[in-house]
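Structural characterization, general
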Amino acid sequence: MTRALIVIDVQESFRARPLWETISDPKIAHQVDRLVRLARRAGDLVVWVLHSEPGSGDVFDPALGHVRLMEELRRLDAEPLLHKTSHNAFTTTNLQQLLTERGIRDLTVCGIRTEQCVETTTRVASDLGYSVTFVVDATATNPIAHRDAPADRSVAELLADPRTLSAEEIIRRTEYALAGRFATIATVGQLESSAEPGA
C-alpha cells in the first residue's frame, strides 16, 4: 500500500444549506464512490475527512447531526475517519502521521469544495512532498459571491449578480492553478481506464 485516496467533506452538511441547489454536481457522491471502489480494488488506503465546527450552531456543528458522510457512501471499519476544523485536511488532524506510518507518498484527492478544502489540501500535500492527483470531476463547488456583495443575500440574488463567479469558472481556474505545480489533474474515467488490465 503506497497510495491513499483522501475523500474530503463529502458530507450531509452541504445538502442542509440552501446553496446546495447551486452545486456544480448534485451527484458528487456517485463520482466519489467510483473512486472509492477503484481505490479498494487496487489495495489503496481510503481516508475519509469531515469538516466540523463545534459550537457554531450551523450545519457544520456536529450537534445538529449533519456532520456525517453523504448517505450514498459507505466507509469500511478499517478506513480512517478524520474530523478537521481547518480548510486543509492536515493542520488539525493526524493525517500526515497516518500516511507516514504506512509509507504512503502518493495521494488522490476528491470532495467538496473544489477550490476550498480540496484545493487547499492539495497545495499543503504538495508542499509536504506528496505526489498528488486531483480528480476534478470528483469535486464539486458552488458559485461564489463578489467580495463586496451583502452576506445575507438569497440564492436567487447571488445568481442574478453579474459579479458572481460561477462554479464552472471556479473549477476551471482551480485546474489551471494546480496543474503542473501542485498536482496532476485527472478525471474518474481516466483513472478507471488506467487501472484496467493491459492499460
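Here is a short report on the structure shown in this document. (Residues numbered from 1 in each chain as written. Predicted model: local features only at pLDDT ≥ 70, side-chain atom pairs only at ≥ 80, totals over all residues. Heavy atoms only, no water.)

Quick notes on the overall build of the protein
Of the regular secondary structure elements, the protein holds seven helices and six strands. Each helix and strand of the protein, ordered N terminal to C terminal, gives the series β-α-α-β-β-α-β-α-β-α-α-β-α. In terms of overall dimensions, the protein is globule-like: its C-alpha atoms have a radius of gyration of 17 Å, near the 16 Å expected for 199 residues. Projected onto its principal axes, the C-alpha coordinates of the protein cover approximately 50 × 35 × 30 Å. The burial tally for the protein puts 48% of its 199 residues in the buried class. Once local pairs closer than 6 in sequence are excluded, the contacts in the protein between residues at least 24 apart make up 75%. (Helix = DSSP H or I, 4+ residues; strand = E, 2+ residues; numbered from the N terminus. Rg over C-alpha atoms; globule rule 2.2 N^0.38 Å. Buried < 20%, exposed > 50% of the residue type's maximum accessible area, 1.4 Å probe, protein only. Contact = heavy atoms within 4.5 Å.)

A short note on the packing of aromatic side chains
Tallying each qualifying case throughout the model produces two aromatic pairs. For the ring pair phenylalanine 14 and phenylalanine 60, a centre distance of 5.3 Å and an interplane angle of 80 degrees mean the geometry is edge-to-face. Here phenylalanine 60 lies in the loop between β2 (45-51) and β3 (81-84) and phenylalanine 14 lies in helix α1 (residues 12-15), a separation of 46 residues in the sequence. Grouping residues by exposure puts phenylalanine 14 and phenylalanine 60 together as buried. In this arrangement the basic side chain of arginine 105 is found over the ring face of tyrosine 130, its NZ or CZ atom lying 4.2 Å from the centre. (Phe/Tyr/Trp six-rings, centres within 6.5 Å; stacked < 30°, edge-to-face > 60°. Lys NZ or Arg CZ within 6 Å of the ring centre and 35° of its normal.)

Side note on the packing of helix α2 (residues 28-42) against helix α7 (residues 188-195)
The angle between the axes and the distance between the axes are what describe a pair of packed helices. The N-to-C vectors of α2 and α7 enclose an angle of 20 degrees; their axes lie 10 Å apart at closest approach. Of the possible angle classes, the one that applies to α2 and α7 is roughly parallel. Here α2 and α7 pass one another in a crossing that is left-handed. Contact with α2, carried on its side by Gln31, Arg34, Leu35 and Leu38, involves Val188, Gly189, Leu191, Glu192 and Ala195 of α7 and no other residues of that element. Grouping the amino acids of the contact of α2 with α7 by side-chain chemistry returns five nonpolar, two polar and two charged. (Axes fitted to C-alpha atoms, helices over the stretch in contact; angles between N-to-C directions. Parallel < 35°, antiparallel > 145°, perpendicular 65-115°, else oblique. Left-handed = near helix turned anticlockwise from the far one by under 90°. Nonpolar A, V, L, I, M, F, W, Y, C, P; charged D, E, K, R; others polar.)

A short note on the pattern of salt bridges
Within the structure shown, the criterion is met by 11 salt bridges. If you follow the salt bridges from partner to partner, you end up with Glu12, Arg15 and Glu72 in one network. (Salt bridge = Lys/Arg side-chain N within 4 Å of Asp/Glu carboxyl O.)

As for the nonpolar core
Leu5, Val7, Val32, Leu35, Met70 and Ile112 are the most contacted members of the largest nonpolar core, which has 30 residues in total. Every element with two or more residues in this core is listed here: β1 (3-8), α2, β2, β4 (106-112), β5 (131-140) and α7. Ranked by residues supplied to this core, first place goes to α2 with seven residues. Once residues within four sequence positions are removed from consideration, methionine 70 is found in contact with Val10, Gln11, Glu12, Arg15, Trp20, Ile28, Ala29 and Ile112. One finds Ala4, Val49, Ala89 and Leu95 within the second-largest nonpolar core, a separate group that totals 25 residues. (Core = buried A, V, L, I, M, F, W, Y, C linked by side-chain atoms within 4.5 Å.)

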